[in-house]
Amino acid sequence: QVELVESGGGLVQAGGSLRLSCAVSGRTFTTYGMGWFRQAPGKEREFVAAISWSGSNTYYADSVKGRFTISRDNAKNTVYLQMNSLKPEDTAVYYCARGGGIKYYSEVAYDYWGQGTQVTVSS
């Protein structure tokens, strides 16, 4: 019943910026947090950032802290990931997910996932 669609990915030079968005549609019940994960070639999917339903709490992986910012606009049913100072190591398919809870850092806490958007950072 819930659909998540990521957009905003693309090719960017190292040091550049991208803003990803995730539009959530469909009827949902109660409140949920949102998260961003990424998966690089040959690697397992890893946690990137998460945000509480109210937007008052945000969480980041150490690898992106200080460079990435997660935000949400509940009126638009959209969550964003602003990515600055991008590095080649950030190259991955980025997924947004709905769920949350105290295990925001784990994919098991999320029940709906988007199709992913490719982010490629060149050196």
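Before any of the text, the structure's been laid out above.
Residues numbered from 1 in each chain as written. Predicted model: local features only at pLDDT ≥ 70, side-chain atom pairs only at ≥ 80, totals over all residues. Heavy atoms only, no water.

Caption draft 1: Inspection of the sheet that holds strand β8 (residues 78-83) at higher detail. In space, the four strands of this open sheet follow the order β1-β3-β8-β7, with antiparallel pairing throughout. Sheet topology places β1 (3-7) and β7 (68-73) at the edges, where each strand pairs with a single neighbour. Strand-to-strand twist across the sheet, computed as the mean angle between neighbouring axes with direction ignored, equals 15°. Pairing of strand β3 (residues 18-25) with β8, which is carried by six bridges, proceeds in the antiparallel orientation. Bridged to A23 within β8 is T78. (Pairing = 2+ DSSP bridges. Helix = DSSP H or I, 4+ residues; strand = E, 2+ residues; numbered from the N terminus. Axes fitted to C-alpha atoms, helices over the stretch in contact; angles between N-to-C directions.)

Caption draft 2: View of the packing of aromatic side chains. A full pass over the atoms with the stated rule returns seven aromatic pairs. A ring pair is formed by F37 and Y110, whose centres lie 5.2 Å apart and whose planes are at 80°; its orientation type is edge-to-face. In this pair, F37 is assigned in strand β4 (residues 33-39) and Y110 in the loop between β9 (92-99) and β10 (112-113), connecting sequence segments 73 residues apart. Seen in terms of ring centroids, Y59 and Y104 are 3.9 Å apart; in terms of plane orientation they differ by 20°. Their pairing is stacked. (Phe/Tyr/Trp six-rings, centres within 6.5 Å; stacked < 30°, edge-to-face > 60°.)

Caption draft 3: Molecular detail of the nonpolar core. In terms of nonpolar packing, the biggest core is built from 32 residues, with W36, L81, M83 and Y94 touching the most fellow members. Broken down by secondary-structure element, the contributors of at least two residues to this core are β3, β4, β5 (46-51), β7, β8, β9 and β11 (117-122). Examining the composition of this core, we find that five residues originate from one element, β5, more than from any other. In contact with M83, other than residues within four places in its own chain, are G16, S17, L18, L20, R67, F68, Y94 and V119. (Core = buried A, V, L, I, M, F, W, Y, C linked by side-chain atoms within 4.5 Å. Buried < 20%, exposed > 50% of the residue type's maximum accessible area, 1.4 Å probe, protein only. Contact = heavy atoms within 4.5 Å.)

Caption draft 4: Highlighting the state of the cysteines. Tallied over the full model, the rule gives one disulfide. Across the disulfide from C22 sits C96; the S-S distance is 1.9 Å. Residues C22 and C96 are joined by a disulfide whose S-S torsion is about 55°; by sign, that bridge is right-handed. Here C22, found in strand β3, pairs with C96, found in strand β9; they are 74 residues apart in sequence, far enough to count as distant. Judged by relative accessible area, which is 0%, C96 ranks as buried. (Disulfide = S-S within 2.5 Å.)

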